[in-house]
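The lines below spell out each chain.
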Protein chains: 4
Amino acid sequence: MRIGMVGLGRMGSNMVRRLLRHGHDCLVYDISERAVKDLVSQGARGAASLSDLVAGLAPPRAVWLMLPAALTGDTVAELLDLLEPGDTIIDGGNSYYRDDVDRAETAAARGVDYVDCGTSGGVWGLERGYCLMIGGPEAAVTRLTPIFAALAPGAAAAGRTPGRSGEPSPAEQGWLHCGPPGAGHFVKMVHNGIEYALMGAYAEGLNVIRNAGIGVADHVAADAETAPLRDPRYYAYDGIDLADVAEVWRRGSVIGSWLLDLTAQALLADPSLEQFSGQVSDSGEGRWTSIAAIEEGVPAPLLTSALYSRFASRGSDVFADKIQSAQRKEFGGHAERPVKGE
Amino acid sequence: MRIGMVGLGRMGSNMVRRLLRHGHDCLVYDISERAVKDLVSQGARGAASLSDLVAGLAPPRAVWLMLPAALTGDTVAELLDLLEPGDTIIDGGNSYYRDDVDRAETAAARGVDYVDCGTSGGVWGLERGYCLMIGGPEAAVTRLTPIFAALAPGAAAAGRTPGRSGEPSPAEQGWLHCGPPGAGHFVKMVHNGIEYALMGAYAEGLNVIRNAGIGVADHVAADAETAPLRDPRYYAYDGIDLADVAEVWRRGSVIGSWLLDLTAQALLADPSLEQFSGQVSDSGEGRWTSIAAIEEGVPAPLLTSALYSRFASRGSDVFADKIQSAQRKEFGGHAERPVKGE
Amino acid sequence: MRIGMVGLGRMGSNMVRRLLRHGHDCLVYDISERAVKDLVSQGARGAASLSDLVAGLAPPRAVWLMLPAALTGDTVAELLDLLEPGDTIIDGGNSYYRDDVDRAETAAARGVDYVDCGTSGGVWGLERGYCLMIGGPEAAVTRLTPIFAALAPGAAAAGRTPGRSGEPSPAEQGWLHCGPPGAGHFVKMVHNGIEYALMGAYAEGLNVIRNAGIGVADHVAADAETAPLRDPRYYAYDGIDLADVAEVWRRGSVIGSWLLDLTAQALLADPSLEQFSGQVSDSGEGRWTSIAAIEEGVPAPLLTSALYSRFASRGSDVFADKIQSAQRKEFGGHAERPVKGE
Amino acid sequence: MRIGMVGLGRMGSNMVRRLLRHGHDCLVYDISERAVKDLVSQGARGAASLSDLVAGLAPPRAVWLMLPAALTGDTVAELLDLLEPGDTIIDGGNSYYRDDVDRAETAAARGVDYVDCGTSGGVWGLERGYCLMIGGPEAAVTRLTPIFAALAPGAAAAGRTPGRSGEPSPAEQGWLHCGPPGAGHFVKMVHNGIEYALMGAYAEGLNVIRNAGIGVADHVAADAETAPLRDPRYYAYDGIDLADVAEVWRRGSVIGSWLLDLTAQALLADPSLEQFSGQVSDSGEGRWTSIAAIEEGVPAPLLTSALYSRFASRGSDVFADKIQSAQRKEFGGHAERPVKGE
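Computed from a prediction, not measured in an experiment: that's the story for all the values here.

Observations regarding the pattern of salt bridges
For the structure on display, the rule yields 88 salt bridges over all chains. Through salt bridges with shared partners, a single ionic network connects Arg164 of chain A together with Asp244, Glu247, Arg250, Arg251 and Asp261 of chain B.

Below is the structure:
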């Protein structure tokens, strides 16, 4: 079917490529003319502006936005002035689901359907397909089925779950209509919240293994302020090969996963990870997941711990640490160890 | 090669079956005669006692123990009286790695090699193979290579990690010599610590989705002591299908894993999980992982949170909760909500 | 000075009593005529309606609201229609500081000063005085100094901090102008976030002591699914008297505090805390503190853990626990222990 | 009464001074002759060796050890060769309670009573008195009552708990016989575990306030990898005076405590805490408390979070952070921010 794509960054352009491969007719627009040209050379049709794009589509139109979250709102507003009742906007970016709720209301008032589509897959999506979590009106989602089916990985991407039978459902193909507007980005948000915790779990565990040699003489800190190791003989595992550990866990173990595959790959390429500083960014969804947990009154200690570890990795805990050093000095006369940079 | 297997529970007997399939000569013993007979009917040779088993093996012997942790120590002691220098004991159970360190010392004094082998794979291992994490003397591990290779899943069980080349290493086949005695169970211990956190991460995230409909009128608690929901309109996602969510995440997403596969399966079979009480057991490794993190001075907030959530699921937090209710009553005159059972 | 007080619940009426004792002229209003009468009998003047109250005050008026958070917004709106430029509204309730920011803008557009005042002290405030954390325009706060000084505990309520000299500052008297509108409730919010964690810290520690006798024979669970206690001899402290422990900590120790005083009191009165169910409520500030930490990118693992423990105490973790039981059954064939109620 | 004191560091010598003030006869020994002389000049009697000290006491002797934990074991062994049945050893240092259990057994076999005494009070104890948590045989503890009473702060150090009446109990005087050997250090251990969490709670909360101005223009990070602040207008509280905040909380609020007093003092003296690096030490008890919680199967998320934050403050989390940066690069092509030192 015909679809307009706005926003041709890495994600957007790869999604267009995947749609083209599946025979869809893509009309594309980006503020970068070069990005447009690049896709035109691969079979897409190009638009010179938003209005040009809308003009190039026939009603009922479908316009997919793949933009940085900060730009989506304005573009939706602009589009709503160009579209007609019956048309559909799909926001496939990383928007906060609350914006979807608000925008869908505005769009509905104009007769335009608003579909939010949380998209996982990153740089691997072009080949593997994208996992799509979708919110919005039933009819609009149904109308877009061919697009979702093309972008999704398809049923063969994973073994069938015992108990499933018949024609594979959309979920089994890698796309799911989760609920009303915002439900797609809500599920994608939680997906990312889980992702942070999975990443952190492997990281913590591997760090425990990396430090399993602290009982070996040279590693023991001679520091009156720090608890001495009680049984150094039980911490004699100096130099366990972490790349091999990650590798062996990939086969037959309970903790195999795609993230573990990537971890094994990274540790093989750079065992000491010297190229990294350890300042871990976070991009919104992890925060929003914890906020949702708090507002729902549902505990999410792992998801939030993973988030807080990222915050701390960027130094925002240092002042709190200093307060504790100050308290220790006040009540116990404890001198602090030499300064680390804030 | 020839190997003796002691302990024919679910794990032990399945491992014998897998070894038989690979053409190994298995001499088996268990206090249950029936368990022995069952495997004899499948091609193993049976022994009537530990000494009978030792007598039936030629030096250098290899005796694999697959026993509940509580029985392993006594059996090792008994075996050490029967074995000769050059023989090997392999503990494939869920022992604490510290016991390996101690037992390996005792065994070494008798000239016997002690190999610890953390074994992951559970009920699925017979078909999938077992992920083996091994500690002990180099020579003994080398001698046992055919056994490890047979039990492990093999290189084909996962795609090759980019950057790996040549003959697949043992880690790529699913078994790894991690280091000196105890190193195998240490790595297995951390593996389970990670497992708890992975499980908890999916569980927390799905619980956040399950409660995404609290803004819908009927769900809003009318309770002066509890914070009212500020924006109910953003929590209108009542009844998102969790089995479908787990299913869609299995394809193309960053959080795909074997645990997710199992989660999808469980939610499909029993969407409300009514057959479960929510009292989650823990079997030692998770505790030991957190203790290791503490003794190493390495933070493991996710791994420990996962453990603590299991403790709390069994009610051991209730007294701490009561203290807080009592404090609230003292300083604020807050009455508590109706009683739940301890 | 003259002040109007709206909202004569436990907090509001006690504050009026304290103001009367300090010689202030209080004009009071509540929807409960009885509450008004009660204070009139103690020296206040009564008003029959909001407009009656406004009429009874001379410009520049000061009207203090001490209302449930849910009612404050509407009352502010109503008041703004009655007040004149130069008047002041003080919100002394438990409002979300964001509402202060918004309401202060609206009020400023009418020429009315908006002051937010986080108030700690609970049922003890009448005698001890109230700790006041204040936000709003400098001039309005200055104008209200006599009121704040009367409500606050005064400098004598705590020993002087070494390094402080001269006339005691407002902070030393127990009230503080923290910053622009909302700053008072922001600081009060964090105060409550800290309070939750202090409460939880004592509760967890006392629970660890309460369970220090698990090594004593009768307490050891015979459960194959749960890790056996490795060294029961180190857990022989059955029946340590928790009321006495809390009591002894009150003298000379580093952890003495008012909350500990209350804890000692509660444990003395009811050592097993049988009257409590352990369902701990939370009233907003703890949630908002964690949300602020998340939005600031600042880790607050203790504050959020304390909050999550309260959530879990009310059963909202049970579904997540069930998922983990289900996962365990899938991969390991682990049966669960008998059902507890959800 | 007469008592021997071994170990005249800051704690030991101050305790002797307090005992002398209360009229007790102190025979003191330390490897530092100067420390002995110093106390002799203040009224103590000096001993030149352990055996000299034992010789200078009449049976039943009481020898109090106030030594670094690493030296206590050897000194106890040496003393046991010098003492007679009926004598008592008191360990007032920071020993692991498990060592008490073991040493008490050895001592009991020689007819010597072993008393463990957890001691809180630090540099303030000389004037304020020491909070004493005691384990060991009833008779020995009773015999030592005059010593404990002299060291403890006394009943007047805190207001009487409502419900207490009659002669103040030992707990009300600041000393408590908690149970059998090790119980004293167990309760002291948990006391310190709680202390870490109380410190961390104030630190986290104050850090949230310190960052409440991130919405002010200059503070907003321009970083595509980090979530932008959604509502900067709600984070306009730049420069709230933390020393004043801590000060105001000291009066009338629920979170007043001795630790808060010290925090107020530290923030007044050095508002930005520039003299501190933020590397927070830990000295054993905090670790052991978490280990006890884990072995008991009792959740202690706050106590352990406080401990882990201290670990992280010393950089032991950096490798785990690097793993997450590496994972992000693998699956999303995310570049990391510039390097911070490990």
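With respect to helix α4 (residues 69-82) of chain D
Its 14 residues give α4 of chain D an end-to-end C-alpha distance of 21 Å, which sits within 8% of 20 Å, the value for a rise of 1.5 Å per residue. Every buried residue of α4 of chain D is accounted for by Thr72, Thr75, Val76, Leu79 and Leu80 of chain D.

Things to note about the pairing of strand β6 (residues 113-120) of chain C
Residues and elements named next belong to chain C. Taken across its eight residues, β6 has eight buried, putting it largely inside the fold. The two faces of β6 match: Asp113, Val115, Cys117 and Thr119 on one face and Tyr114, Asp116, Gly118 and Ser120 on the other face are all buried. Where strand β5 (residues 88-91) and β6 come together, four bridges link them in parallel fashion. Bridge pairing in β6 places isoleucine 89 opposite tyrosine 114. Between the parallel elements β5 and β6, the chain passes through helix α5 (residues 97-109) in a crossover that is right-handed. Of the strand pairs in this sheet, β6 and strand β7 (residues 131-135) are connected by five bridges, and their pairing is antiparallel. Paired with glycine 118 across the bridge in β7 is methionine 133.

Points about the sheet that holds β7 of chain C
In spatial order, the strands read β3-β2-β1-β4-β5-β6-β7-β8 (chain C); together these eight strands make up an open sheet with mixed pairing. Edge positions in the open sheet fall to β3 (45-46) and β8 (175-179) of chain C, since each of these has one partner strand only. Contacting β5 and β6 of chain C, α5 of chain C crosses the sheet at an angle of about 150 degrees to β6 of chain C. Relative to β7 of chain C, helix α11 (residues 242-249) of chain D is tilted by about 145 degrees, and along the sheet it contacts β7 and β8 of chain C.

Here's the deal with the interface of chain D and chain C
At the interface, 94 residues of chain D touch 94 residues of chain C. Of the roughly 8,000 Å² buried between chain D and chain C on both sides combined, carbon and sulfur atoms contribute 65%. Joining chain D to chain C, the criterion identifies 10 salt bridges. One salt bridge connects arginine 98 of chain D with aspartate 231 of chain C, and the closest N-O pair in it is separated by 3.8 Å.

Rules of the game
Residues numbered from 1 in each chain as written. Chains lettered and ligands numbered in written order. Predicted model: local features only at pLDDT ≥ 70, side-chain atom pairs only at ≥ 80, totals over all residues. Heavy atoms only, no water. Salt bridge = Lys/Arg side-chain N within 4 Å of Asp/Glu carboxyl O. Helix = DSSP H or I, 4+ residues; strand = E, 2+ residues; numbered from the N terminus. Expected span 1.5 Å × (residues − 1). Buried < 20%, exposed > 50% of the residue type's maximum accessible area, 1.4 Å probe, protein only. Pairing = 2+ DSSP bridges. Right-handed = clockwise from strand over helix to strand, strands pointing away. Contact = heavy atoms within 4.5 Å. Axes fitted to C-alpha atoms, helices over the stretch in contact; angles between N-to-C directions. Buried area = accessible area lost by both parts, 1.4 Å probe.

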